[in-house]
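# Observations on chain architecture
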There are 2 protein chains.
Amino acid sequence: MKLKASLIQHHHQGSRAANQQYIADQIKLATQQGARLIVLQELHDHAYFCQTEEVDHFDLAEIIPGPSSQFFAALADQHQCVIVSSLFEQRTKGLYHNTAVVFDTDGKLAGLYRKMHIPEDPGFHEKFYFTPGDLGFTPIQTNIGKLGVLICWDQWYPEAARLMALAGAELLIYPTAIGWDPLDESAEQQRQLAAWRTIQVSHAISNALPVLSCNRVGHEPSPRPDAPGIDFWGHSFVCGPQGEMIAQADQSDETLIAEIDLDRTETLRRIWPFLRDRRIDAYAGLNERFLSMPQRSTS
Amino acid sequence: MKLKASLIQHHHQGSRAANQQYIADQIKLATQQGARLIVLQELHDHAYFCQTEEVDHFDLAEIIPGPSSQFFAALADQHQCVIVSSLFEQRTKGLYHNTAVVFDTDGKLAGLYRKMHIPEDPGFHEKFYFTPGDLGFTPIQTNIGKLGVLICWDQWYPEAARLMALAGAELLIYPTAIGWDPLDESAEQQRQLAAWRTIQVSHAISNALPVLSCNRVGHEPSPRPDAPGIDFWGHSFVCGPQGEMIAQADQSDETLIAEIDLDRTETLRRIWPFLRDRRIDAYAGLNERFLSMPQRSTS
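Below or above, wherever it landed, is the structure these notes cover. Small disclaimer: the values here were computed from a predicted structure and weren't measured.

Time to look at the sheet that holds strand β15 (residues 254-261) of chain A. Residue and element names in this part refer to chain A. Overall, mixed pairing links the six strands, which are arranged β5-β4-β3-β2-β1-β15 in an open sheet. Two strands close off the open sheet at either side, each with one partner strand: β5 (109-114) and β15. In this sheet, neighbouring strand axes are inclined to one another by 30° on average, regardless of whether the strands run parallel or antiparallel. Where strand β2 (residues 37-40) meets strand β3 (residues 82-92), three bridges bridge the pair, whose relative direction is parallel. Note on β3: the bridge partner recorded for Leu 37 is Val 82.

Right, let's talk about helix α4 (residues 158-166) of chain B for a bit. Residue and element names in this part refer to chain B. A large share of α4 lies buried, amounting to nine of its nine residues. Considered for burial, the residues of α4 that qualify are Pro 158, Glu 159, Ala 160, Ala 161, Arg 162, Leu 163, Met 164, Ala 165 and Leu 166. Immediately downstream of α4, the backbone of Gly 168 shows phi near 95°, a positive value.

Let's shift gears to the side chain of Asp 277 of chain B. Inspection of the secondary structure puts Asp 277 of chain B in the segment after α6 (264-271). There is a polar contact of 2.9 Å between the side chain of Asp 277 of chain B and the side chain of Trp 153 of chain A.

Right, let's get into the nonpolar core. Core analysis: the largest hydrophobic core is formed by 119 residues, its most contacted members being Leu 37 and Trp 156 of chain A together with Leu 37 and Trp 156 of chain B. Apart from residues no more than four positions distant in its own chain, Leu 37 of chain A is found in contact with Leu 3, Lys 4, Ala 5, Ser 6, Val 82, Val 84, Ile 144, Leu 147, Leu 171, Ile 173 and Leu 212 of chain A.

Now for the relation of the copies chain B and chain A. Two copies of the chain are present, and they differ by a rotation about an axis and a shift along that axis. Structural alignment of chain B on chain A gives an RMSD of 0.0 Å, achieved by rotating through 180° and translating 0.0 Å along the axis. Taken together, the rotation angle and the small translation identify this as a two-fold axis. In this assembly, 100% of the residues forming the interface of chain B have copies in chain A that are likewise at the interface, indicating an isologous arrangement.

Residue and element names in this part refer to chain B. Spatially, the three strands line up as an open sheet ordered β9-β12-β11, and their pairing is antiparallel. Only two strands of the sheet have a single partner each, and these edge strands are β9 (179-180) and β11 (217-220). Strand direction decides the pairing type here: β11 and strand β12 (residues 230-233), joined by four bridges, are antiparallel. Opposite His 219, over in β12, you have Asp 231 as the bridge partner.

Taken together, the contacts link 64 residues of chain B with 64 residues of chain A. Summed over the shared surface of chain B and chain A, the result is six salt bridges. Residue Arg 278 of chain B pairs with Glu 159 of chain A through a salt bridge whose shortest N-O separation is 2.9 Å. Taken together, chain B and chain A are joined by 37 residue pairs in polar contact (both at pLDDT 80 or more). Among the elements that take part in the side of chain B that touches chain A, helix α5 (residues 186-207) of chain B stands out by supplying ten residues, more than any other.

This part covers the pattern of salt bridges. Taken as a whole and assessed by the stated rule, the structure comprises 34 salt bridges over all chains. For Glu 159 of chain A, the salt bridge identified is with Arg 162 of chain B, shortest N-O distance 2.7 Å. Taken as a pair, Glu 159 of chain A in helix α4 (residues 158-166) and Arg 162 of chain B in helix α4 lie in two separate chains rather than in one. Each member of the pair, Glu 159 of chain A as well as Arg 162 of chain B, carries the same accessibility label: buried. In this structure, Arg 114 of chain B and Asp 134 of chain B form a salt bridge, with 3.6 Å as the shortest nitrogen-oxygen distance. Of this pair, Arg 114 of chain B sits in strand β5 (residues 109-114) while Asp 134 of chain B sits in the loop between α3 (126-129) and β6 (140-142), and the two are 20 residues apart along the sequence. Arg 114 of chain B gets classed as buried once you look at its relative accessible area, which sits at 7%. With relative accessibility at 47%, the residue Asp 134 of chain B sits in the partly exposed group.

What counts, and at which threshold
Residues numbered from 1 in each chain as written. Chains lettered and ligands numbered in written order. Predicted model: local features only at pLDDT ≥ 70, side-chain atom pairs only at ≥ 80, totals over all residues. Heavy atoms only, no water. Pairing = 2+ DSSP bridges. Helix = DSSP H or I, 4+ residues; strand = E, 2+ residues; numbered from the N terminus. Axes fitted to C-alpha atoms, helices over the stretch in contact; angles between N-to-C directions. Buried < 20%, exposed > 50% of the residue type's maximum accessible area, 1.4 Å probe, protein only. Polar contact = N/O pair within 3.5 Å; in protein donor to acceptor, adjacent residues only side chain to side chain. Core = buried A, V, L, I, M, F, W, Y, C linked by side-chain atoms within 4.5 Å. Contact = heavy atoms within 4.5 Å. Least-squares fit on C-alpha atoms with pLDDT ≥ 70 in both. Salt bridge = Lys/Arg side-chain N within 4 Å of Asp/Glu carboxyl O.

Have a look at this one:
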C-alpha cells in the first residue's frame, strides 16, 4: 500500500492564530496533492517557549478537547486526512504535558501520545513545563494505519522506537523542535545535525519502518539578554524502512510531500529478520539505570 | 585519554596459516605506528564457511585456549597490544560458538564474548554452526579500557550496544563478515551498505561511545554450484562518540589506523545526557517478543 504524507516545516509566524492559519493553508495545498497524513512540528502553535522558565507560559496550555484541538479536528475532517498535531496540554490545574494529538480522517480524535522522555538543557527547559508521559509507547490506530508517534527528545532513544514497533506501529513519526546554539562553531553544528539524522534513520533500519521527522526552523531569540537564542535547524525528512531517504527539507519553510510504500516493511523483515532473533532472555538490564559499579579509571 | 586503534580488513588468504601470517605482519606494522588496540574481522582465520551446512567444518573449531588463541596471545604479548580476535570456539564435543577472544597487552586472556544474536539467511547458515552466546552483554576489562565487544549480526540490535554501555563499556567493537549477494542490483547493495554503516554509527550516538567495526572483504565463492557466493563489502570504519567518522576503508585489503579521544564520551554525555532520561519504568516491553495481538490489516 502506498501512502502520501506531508510534513509542514515552518518558522514561528508570530502568534497562535498566524501559525494555525499558515498550517491550515499548507494542509489544504498538501491534501490537494494527495497527502492523507499530515505531520506538524513540535509545539507548532507557539514560539518555542521553553527557552526560559516562566509560570505565565502555562497560560498557553489547553485542555483537550479545546479550541486548538477542535481547530485541527475540523481541518482533518474537512480534508479527510490524518493530522498529527503537537499541543501543550493542560491535563488539570498544575499538570501539563507535551502531547501529540492525532485526528483521524473523519476528524475524530484517534489518540494521544504524551512525550515520555523530557529534556532539560540550557535553552530547553522542558522539565519545568512538562510532566513525563504516562501513556507508554502505544501506537495510535487511524484509518490509514497504526502510527508510532514519538516527540523530539524521544528520537534519541532506540528503546522508544523499538517499543512502538513491537506494539505494531507501521510508521514512526517525530514532531520535533531542535536547533543549534548560534555560538557553537559550524563543525559542531554539522556533527549535531548529522547525529540527529543518523539516530532517527537508524530507528527505521532496526525496525524496518518508515520514519517521518518534522522539525521547526528559523532563529528564535531568547527572552534572556545573556542567551543567544536557538537556530532551529529544519531538515525535516522522510525515510523508508531501509533508511533510504525519500524526501528532505533544508533550512527554509517547506511543506514536504513524500510517497511511502508500506509494503516494504514486510519485504525487508524477510531478508533481514531482526525481530526473529532478539535475545529477550538477555535484555533484563535494559530496565536498569546502570549496570556497572563505580570504579577507578583504568587509564 | 587518546587511544590509537587498528582494524585489519583483508581477503581470505587461502588457509588458516596464511591468514595468521598476514595478520601477524599487519599487527607488527600497526603497532610500529603506535596502535595499542587491534581489531580483527569475524572468523578471520578461515573462509566464511557458513555459506553451506557441512558437518566437516566443525573440524575448524578449537578449544580455547588452543593453538590459534595461543598464537594471538603471543602476538599481543610481543607487541604489547590488546587484540580482539574472532575464533570458531569448540566448547565441548558438539557445542560450538562464534567467539571473540580478547588478549591483553601482556598476552593474557582478558575475556571472551560469545555472539548472542545468530543470523540464518541464504548463504549465512550460522544457526547450524553456532550456539547463541550465554555470557550476556558483558564488557571485557583490559589494560587500555573496558571493551564492549559484539559480533556482526549483533550490530543491528540497539539493545546489545545499550547493554554494553550500561555495563560500563568505553568502546563498542564489532568484528563482522557482511557482504552483498552478487545478484542484487547496485542500488540495493548501496542501500544495504548505508544501512549497515548507519545502524552502527547510531550506537555511537545513542551511547556516546566510539564504534570500531572491522569487516571482511572480497568475493568468496559458494561451494554450491547454484549459489552466487558473497561479495564481502569491506568498508571497515572507526567513528567517534558523536558519530563523526574518524577513519574508513573501501573495498580492498587495508589496515586502518585511527586515533580515538576517549574523553569525548564524558563531554558529549554532558551536553546530550541521554542516559539521564531513560524511562526505565516504561521499558518492560523490551523483554517481550511482540506486544500486539494479531489483527486484520487496516488498509
